[in-house]
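Chain by chain, the residues:
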Number of protein chains: 2
Amino acid sequence: MSRIALIAGEGLLAPAIAAALDEPLVYALHNLNPQVPAQPFRLERLVPFLDELTDQGVTQVVFAGAIRRPRIEPDLFDQRTMAIVPRILMGMQSGDDAALRAVLDVFEEAGLSVLSVDQVLPDLVPGEGVLAGEPSARDKKDAERAAQIVQGMGPLDVGQGAVVAQGLCLAIEALPGTQAMLEFAALHSGLKPDPNGPKGVLYKAPKPGQDRRIDLPTIGPDTVRQAAAAGLGGIAWEAGSVILLEREAAIDAANAAGLFLWARP
Amino acid sequence: MSRIALIAGEGLLAPAIAAALDEPLVYALHNLNPQVPAQPFRLERLVPFLDELTDQGVTQVVFAGAIRRPRIEPDLFDQRTMAIVPRILMGMQSGDDAALRAVLDVFEEAGLSVLSVDQVLPDLVPGEGVLAGEPSARDKKDAERAAQIVQGMGPLDVGQGAVVAQGLCLAIEALPGTQAMLEFAALHSGLKPDPNGPKGVLYKAPKPGQDRRIDLPTIGPDTVRQAAAAGLGGIAWEAGSVILLEREAAIDAANAAGLFLWARP
């Protein structure tokens, strides 16, 4: 029998995927607190873990949710995992995306095919359209500038988001993530030149060339509330490439706060 | 007689330049609080201001210090300045650098040549070398990664700095500036994977292709203290391209805090 294993990260994506799957095996890195029951595994014993998946009849794997890098304990490596460490370390030094890609390669080489979340749950990734509110022409220009910034940063493998207001870039996402970036933007919202002008846009998109089976940008009702708290006018993202969690709740939160939600073509 | 006008911004650069010049005429945008006595001028009356400079016998201009964008009062424009507004507004919409370049062009077209601060005070811009402490091999790798990020962001015309620790990008500079970025990095310093590993590097460089007569990145003793407060191991920058204010005090502060200062080749 062919089974799917869910490698759960933190946040609400993993339980959403778990609910959509038929009796999945659920695992999580030992340093995470996933919101779904999961058996822990350690990166230092990745190769034995892959053997266990194969022994359980697993042929497909889906990664879902935010991952924090575990601290590595050199004493815990088994011999075979140790042999692949240089590849993963090299990836880590080149940035998040390269590190995750190296891990994916190891899964694929073990004969496990890695699915993207939208292969499991297509509704999670909205196509083009305005889901709440109505972005003005100037909001659209801010979204355009933010999209250029996120796309231009792509080869640097740093972040997947930016905040632009009235043509000015208030914040760029780095390792600390979207919430930290929005808190930063909130702190510096007084820099917008025109207090009565456009309030600014949070823009999210995957890095160009990013492996879409892992780490697609994710937004949800919390993102909407954080963007509202930062004084922004709305959220835009690359249609078909960003996970929207709890769509109805996110739309309700946006309508309540007067924010637009725009899956941009 | 040929005179030099100093267009003063905020911070310690303007008084340093004023002290190096022989009886300069000093002006500042009306919304700034420069640390040197200055006559205010308004962007809405830029063309009459240029006439005034010419009438005073000014042939050279030097810009020194941080500028904040003034709020524009549409009622205050004179006819001739109004005619050049579209150029400057278009620049503003493309980012800081384009806006400043548009303003410089207007000065040059009025027959005023714009000097860079290192043409006035070459000692302000250190050439290659380690000025304090000693960056380790891993610090140098972090500086290399940060330099790639800052250089890669160049065409986006966003910021001139980044913080990298253990290969990970903790923060990228945007409109709020270096101090805000360092406060952000301090807030998220717990994300460094190895608490005993390299503490991280603040890297500063001009954007590639940046007009070096304005807005060269500037660091000084305050930057050193902010980097130390953020838990970083040192500051690196592009040799020959970054202004170091109060060199002795900056080196003393770095030595006191155990930070390296490295003008990187």
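See the structure printed just above.
Residues numbered from 1 in each chain as written. Chains lettered and ligands numbered in written order. Predicted model: local features only at pLDDT ≥ 70, side-chain atom pairs only at ≥ 80, totals over all residues. Heavy atoms only, no water.

> How would you summarise the interface of chain A and chain B if you had to cite specific residues and measurements?
Listed as interface residues are 34 residues of chain A and, on the opposing side, 35 residues of chain B. For chain A, the biggest contributors to the area lost against chain B are A:Arg71, A:Leu156 and A:Leu175; these three give 20% of the whole. On the surface where chain A and chain B come into contact, there are zero salt bridges. The interface formed by chain A and chain B includes seven residue pairs in polar contact (both at pLDDT 80 or more). Here the side of chain A that touches chain B takes six residues from helix 6 (residues 137-153) of chain A, the largest share from any one element. (Contact = heavy atoms within 4.5 Å. Buried area = accessible area lost by both parts, 1.4 Å probe. Salt bridge = Lys/Arg side-chain N within 4 Å of Asp/Glu carboxyl O. Polar contact = N/O pair within 3.5 Å; in protein donor to acceptor, adjacent residues only side chain to side chain. Helix = DSSP H or I, 4+ residues; strand = E, 2+ residues; numbered from the N terminus.)

> An account of the sheet that holds strand 2 (residues 25-29) of chain A is needed here, citing residue identities and associated values.
Residue and element names in this part refer to chain A. Across the sheet, which stays open at both edges, the five strands sit in the order 3-2-1-4-5 with parallel pairing between neighbours. Lying at the two open borders of the sheet, with one neighbouring strand each, are strand 3 (39-41) and strand 5 (113-115). Each strand axis lies, on average, 35° off the axis of its neighbour in the sheet, ignoring direction. Note: strand 4 (residues 58-64) against strand 5, three bridges, orientation parallel. Bridge pairing in strand 5 places Gln-60 opposite Ser-113. (Pairing = 2+ DSSP bridges. Axes fitted to C-alpha atoms, helices over the stretch in contact; angles between N-to-C directions.)

> I'd like a rundown of the packing of aromatic side chains, residues and numbers included.
Each aromatic ring pair is specified by the distance between its two centres and by the angle formed by the two planes. The tally for this structure, following the rule as stated, stands at seven aromatic pairs over all chains. Relative to B:Phe49, the ring of B:Phe41 has its centre 4.0 Å away and its plane inclined at 0°; by these criteria the two rings are stacked. Take B:Phe41: its relative accessible area is 8%, and that puts it in the buried class. The ring centre of A:Trp262 lies 5.5 Å from the NZ or CZ of A:Lys140, which sits over that ring. (Phe/Tyr/Trp six-rings, centres within 6.5 Å; stacked < 30°, edge-to-face > 60°. Buried < 20%, exposed > 50% of the residue type's maximum accessible area, 1.4 Å probe, protein only. Lys NZ or Arg CZ within 6 Å of the ring centre and 35° of its normal.)

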